[in-house]
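A closer look at the structure
Next come the chains, spelled out residue by residue.
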Amino acid sequence: MEESVSDFGWEQEWERERRKVKDRIQECIETRETDLFLYNERLVNLPTSVCSCRHITSINLAFNQLKALPESMTSLASLLAVNLARNSFSSFPDVLCHMTRLERLQMQENELQLIPTSIGYLVNLRVLALHHNKLSYLPPSISNLLRLQTLELHANQFRSISPSLGALSPVPKHG
């Protein structure tokens, strides 16, 4: 007798996990929680319903398989901290550069190759974790991040330190 994928219960498990994420988002909307944890949920796409959690100040999306973020994330105007570590981003999500209240951004252990010039709009950033990516260059606009206290850049592909980092002293310079 030939077995199908559903015989192993994988489809049911995936559906249960998907419902769990939807329920967690709905609970966040209803209870007005300020932190949303969707850590290690095997997400390939961020459910757009997350953007209805307008009161959240922190979102943890680490250890998923995200490659992009929806533009509607700009509606999360209260966000101060975003954790996107260990996903599948090869390009920096431009929507993040419009979230000017951000104080903490973690994008370590992705596949990032380029940081956009618009990173300079994130003038409230205090922590920026970009280590373990494929970066070889930082745009000069990085010097606009005058509140930066922690900048993690180790384990990238830098061949030299960008002169624009000089304006960020005493931030640790990794390369």
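Relevant structure appears above.
The sections below set out a description of the structure shown in this document. (Residues numbered from 1 in each chain as written. Predicted model: local features only at pLDDT ≥ 70, side-chain atom pairs only at ≥ 80, totals over all residues. Heavy atoms only, no water.)

1. Thoughts on the overall build of the protein chain
The cut-off we apply is this: Under the scheme used here, helices are H or I runs from DSSP no shorter than 4 residues and strands are E runs no shorter than 2 residues, and both carry numbers assigned from the N terminus. For this analysis, residues touch if any pair of their heavy atoms sits within 4.5 Å. Each accessible area is a Shrake-Rupley result for a 1.4 Å probe, and residues are judged covered by the shown protein chains and nothing else.
Secondary structure summary: the protein chain contains one helix and six strands in total. Element order for the protein chain, N to C, with α for helix and β for strand: α-β-β-β-β-β-β. Within the protein chain, contacts between residues at least 6 apart in sequence are counted, and of these 24% link residues at least 24 apart. If you sum the accessible surface of the protein chain, you get close to 9600 Å²; carbon and sulfur atoms cover 49% of it.

2. Overview of the pattern of salt bridges
Formally: Should a side-chain nitrogen of Lys or Arg be within 4 Å of a carboxyl oxygen of Asp or Glu, the pair is scored as a salt bridge. Each residue is placed in one exposure class: buried if its accessible area under a 1.4 Å probe, protein chains only, is under 20% of its type's maximum, exposed if it is over 50%, and partly exposed if it falls in between.
As enumerated under the stated definition, the model contains five salt bridges in all. The closest approach of N and O atoms between Glu41 and Lys20, which form a salt bridge, is 4.0 Å. Of this pair, Glu41 sits in the loop between strand E1 (35–37) and strand E2 (58–60) while Lys20 is found in helix H1 (residues 10–31), placing the two residues 21 residues apart along the sequence. With relative accessibility at 9%, the residue Glu41 sits in the buried group. By relative accessible area, Lys20 is classed as partly exposed at 38%. Between Glu41 and Arg24 there is a salt bridge, and its shortest N-O distance comes to 2.7 Å. Here Arg24 lies in helix H1 and Glu41 lies in the loop between E1 and E2, a separation of 17 residues in the sequence. A relative accessible area of 26% means that Arg24 is categorised as partly exposed. Three or more residues joined by partner-sharing salt bridges are found here, namely Lys20, Arg24 and Glu41.

3. Topic: the side chain of Asn110
Stated precisely, the cut-off is as follows: Polar contact is the term for a pair of N or O atoms within 3.5 Å; when the atoms are in protein, one must be able to donate a hydrogen and the other to accept it, and sequence-neighboring residues count only if both atoms are side-chain atoms.
With respect to the helices and strands, the residue Asn110 is situated in the loop between strand E4 (104–106) and strand E5 (127–129). Within the local environment of Asn110, its side chain forms a polar contact with the backbone oxygen of Leu84, the two atoms lying 3.0 Å apart. Separated by 3.1 Å, the side chain of Asn110 and the backbone nitrogen of Asn87 make a polar contact. Ignoring any residue separated from it by four or fewer positions in sequence, one finds Asn110 in contact with Leu84, Ala85, Arg86, Asn87, Ser88, Phe89, His132 and Asn133.

4. Topic: the sheet that holds E5
Applicable threshold: Should DSSP find at least two bridges between two strands, the strands are regarded as paired. Helix axes use the C-alpha atoms of the stretch in contact, all axes being lines fitted to C-alpha atoms, and the angles between their N-to-C directions lie in the range 0 to 180 degrees.
Strand order in the open sheet formed by six strands is E1-E2-E3-E4-E5-E6, with parallel pairing between adjacent strands. Of all strands in the sheet, those with a lone pairing partner are E1 and strand E6 (150–152), marking the two edges. With direction set aside, neighbouring strand axes in the sheet form an average angle of 5 degrees. Bridge count between E4 and E5: three bridges; the pairing is parallel. Its bridge partner being in E5, Gln106 is matched across the sheet by Ala129.

The quantities given are spatial measurements derived from coordinates; they are silent on function.
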